[in-house]
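Here is how the chains run, residue by residue.
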Amino acid sequence: MLLSPRPGSRAARRLRAAVLVAASAGLVAATLPAPTPLGIGDPLFPHLGNPGYDVLTYDITFRYGGDNTKPLDALTKIEARATDRLERVNLDFTHGTVRSVMVNGRAAEFTTKGEDLVVTPATAAEAGQPLHIAVAHTSDPSGAQGTGGWVKTGDGLVMANQADAAHRVFPGNDHPADKAHFTFRVTAPSDLTVVANGLRVARTRPLPLPRVAGGQAAVTTWEYRTLHPMATELAQVSIGRSTVVHRTGPHGLPVRDVVRTADRTLMEPWLKKTPGQLAWMEAKVGPYPFETYGILAADAETGFELETQTLSLFERSLFVRAAYPEWYVDSVMVHELAHQWFGNSVSPRTWSDLWLNEGHATWYEALYAEEKAQKPLETRMRAAYTMSDTWRAAGGPPAAPTPPAPGDKISLFRPVVYDGSALILYALRQKIGKAAFEELERRWVSDHRDGTATTADFTGLAEEISGKDLTSFFAGWLYAKKTPPMPGHPDWRSRAVSAPKPG
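Residues numbered from 1 in each chain as written. Predicted model: local features only at pLDDT ≥ 70, side-chain atom pairs only at ≥ 80, totals over all residues. Heavy atoms only, no water.

(A) Here's a closer look at helix α10 (residues 455-466). With twelve residues, α10 extends 17 Å between its outermost C-alpha atoms, agreeing within 8% with the 16 Å of an ideal straight helix rising 1.5 Å per residue. Looking at the buried side of α10, the elements it contacts are α6 (354-373), α8 (419-432), α9 (434-447) and α11 (471-479). Downstream of α10 by a residue or two, Gly467 has a phi angle that is positive, lying close to 70°. (Helix = DSSP H or I, 4+ residues; strand = E, 2+ residues; numbered from the N terminus. Expected span 1.5 Å × (residues − 1). Contact = heavy atoms within 4.5 Å.)

Written out as structure tokens, the structure reads:
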């Protein structure tokens, strides 16, 4: 039998309180809907990002054992602020095993739905309340090539997270609309070098012996921290047999490049170009926006280069293949450098604003080739104009791109967002004049530094600076299926080329 406490006694009051708490908890649990993947409603990636909170910082720890096919042990700590009342917190995360989750110092329940880690804290978070989230997990570098996240190199790992693959590496709010400061702590065998976004703030050296007690290889822990907020898609960690080459850029800017140790001498003719390219970009748009810059030349074939913040990722082959002329490699280097202003410091509010990133990077790539290698910008823009209707038919207009092909997210990066979008900037310069255009470029990166911005922000600033009503101009150039006439070049023609029929 079950003995009941005497009515009115302290024990009875405690029992009633316990029953009420249990009943309330059961009522709350019963009213919560089933866990489901969420998103912030991005037109191209509707399930990417999560509502209800703003991430302030990520503190991410990895332990790498030296085998780039095996999962890394990891701990991701997130400092955030609830913007709504949250009974659950969704984090983007996939391709790893979650071992535990803590929210505000208490163990939390969790499950996975789609590509979301759905966390139920012990108590709901109220709007305005801090959220301290700690997720113990693995970070798995295995998977099909081209899916993003970790990329295996000849001697280790690097990251390539654009556009939606950071959550294959660590849990977070994986959308550029929610930028945050990052700290990375990476423990790896001591014969490897680790480099990440931002500046190195610590390196814990191993014992002076080649192996510590128990026969385990000596390890070193490296710590890096960003001084400016960063989108998750721009995170970078490089682990490998690398050399870090240091030099100084404009105004004493620390420049650090990461190359295979065996390539140190081979790469120097390219690496020494960066300070001059930084000075060239600063003359165009103003001060470099971050604490450091450099090139990461990875021994991997990705099919692309990537503007990871403060440390742009390049394929090693770009610099060593004789088939690429010097002017072309130079212009690609400037493309990724220009992204540090356009896309990194000023990030897109939605992925439909991608044209602002790639159009500007392509613009400065082409302008550099014109000024340094006598490759006329007008010639390139006329060729782009000829193809513009074809590109729009295949991928949509620049500011309203069609979604990427299923299972091929990188297909979002198509000609219409590169030369097809640089063409808009050329047309705008023709429309408002060179002086107003150059002022617009400087104001854009200054006004929105360390933030996010939209196409509407850009068009509004262009109207403000030029003093012109550009409504009709931008409606055609950004959103029309057909390319409008080019100001100043009424003889230019665009033609839509049909795709070849199968067979």
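That was the structure; now back to the text.
(B) Examining the side chain of Arg414 more closely. Note that Arg414 resides in the loop between α7 (377-395) and α8. Buried charge Arg414 goes without a salt bridge, the closest partner of opposite sign being Asp408 at 8.5 Å. From its side chain, Arg414 meets the backbone oxygen of Thr402 in a polar contact 2.9 Å long. Within the local environment of Arg414, its side chain forms a polar contact with the backbone oxygen of Ser411, the two atoms lying 3.2 Å apart. Ignoring anything within four residues of it in the chain, the contact list for Arg414 reads Gly395, Pro401, Thr402, Pro403 and Pro404. (Buried < 20%, exposed > 50% of the residue type's maximum accessible area, 1.4 Å probe, protein only. Lys, Arg positive; Asp, Glu negative; His and termini not counted. Salt bridge = Lys/Arg side-chain N within 4 Å of Asp/Glu carboxyl O. Polar contact = N/O pair within 3.5 Å; in protein donor to acceptor, adjacent residues only side chain to side chain.)

(C) Structural view of the pairing of strand β6 (residues 109-113). Two elements, β6 and strand β7 (residues 116-120), share five bridges in a ladder whose sense is antiparallel. Across the sheet, the residue bridging to Lys113 is Asp116, located in β7. Where β6 folds back on β7, the antiparallel hairpin that results is connected by two residues, among which Gly114 adopts a positive phi of roughly 60°. (Pairing = 2+ DSSP bridges.)

(D) Structural context of the nonpolar core. Formed by 64 residues in total, the largest nonpolar core has its most connected members in Met281, Trp351, Trp363, Tyr364, Leu428 and Trp444. Elements represented by at least two residues in this core include exactly α3 (274-285), α5 (326-339), α6, α7, α8, α9, α10 and α11. Per element, the largest residue contribution to this core is nine residues, and it comes from α6. Once residues lying within four places of it in the same chain are set aside, the contact partners of Leu428 are Gly433, Phe437, Leu440, Phe458, Leu470, Phe473 and Phe474. Counting residues in hydrophobic clusters, the runner-up holds 58 residues, among them Tyr53, Leu131, Phe184 and Val194. (Core = buried A, V, L, I, M, F, W, Y, C linked by side-chain atoms within 4.5 Å.)

(E) Molecular detail of the side chain of Thr274. Considering the arrangement of structural elements, one finds Thr274 in helix α3. A residue is classified by how much of its surface remains accessible, and Thr274, at 1% relative accessible area, is buried. Not counting residues within four places of it along the chain, the set of residues in contact with Thr274 comprises Val255, Asp257, Tyr293, Ile295 and Met333.

(F) Structural context of the packing of aromatic side chains. For the coordinates displayed, the defined rule picks out 24 aromatic pairs. Judged by centre distance (5.2 Å) and plane angle (85°), the rings of Trp444 and Phe458 are edge-to-face. Of this pair, Trp444 sits in helix α9 while Phe458 sits in helix α10, placing them 14 residues apart in sequence. Per residue, the accessibility class of Trp444 equals that of Phe458, and both read buried. (Phe/Tyr/Trp six-rings, centres within 6.5 Å; stacked < 30°, edge-to-face > 60°.)

(G) The arrangement of the sheet that holds β7 in detail. With antiparallel pairing, three strands are arranged side by side in an open sheet as β3-β7-β6. The open sheet has two free edges, formed respectively by β3 (89-92) and β6, since each of these has just one partner strand. Looking at each pair of strands side by side, their axes are set apart by 25° on average, direction ignored. Across four bridges, the pairing between β3 and β7 is antiparallel. By the bridge assignment, Leu91 is partnered in β7 with Leu117. (Axes fitted to C-alpha atoms, helices over the stretch in contact; angles between N-to-C directions.)

(H) Spatial organisation of unusual backbone geometry. Residue Ala163 follows Gln162 across a cis peptide bond; omega there is 5°. If you trace the backbone, Ala163 turns up in the loop between β10 (157-160) and β11 (181-189). Phi at Gln374 takes a positive value of approximately 55°, unusual for a residue other than glycine. Here Gln374 shows up in the loop between α6 and α7.

(I) Geometry of α7. Here α7 contains 19 residues, and its C-alpha end-to-end distance of 24 Å is more than 12% below the 27 Å for a straight helix at 1.5 Å per residue. At Met387, α7 is bent by approximately 50°, the largest bend along its length. Residues of α7 that are buried make contact with α6, α8 and α11. Of the residues one or two after α7, Gly396 is the one with positive phi, at around 90°. (Bend = angle between axes of the 7 residues up to and from the residue.)

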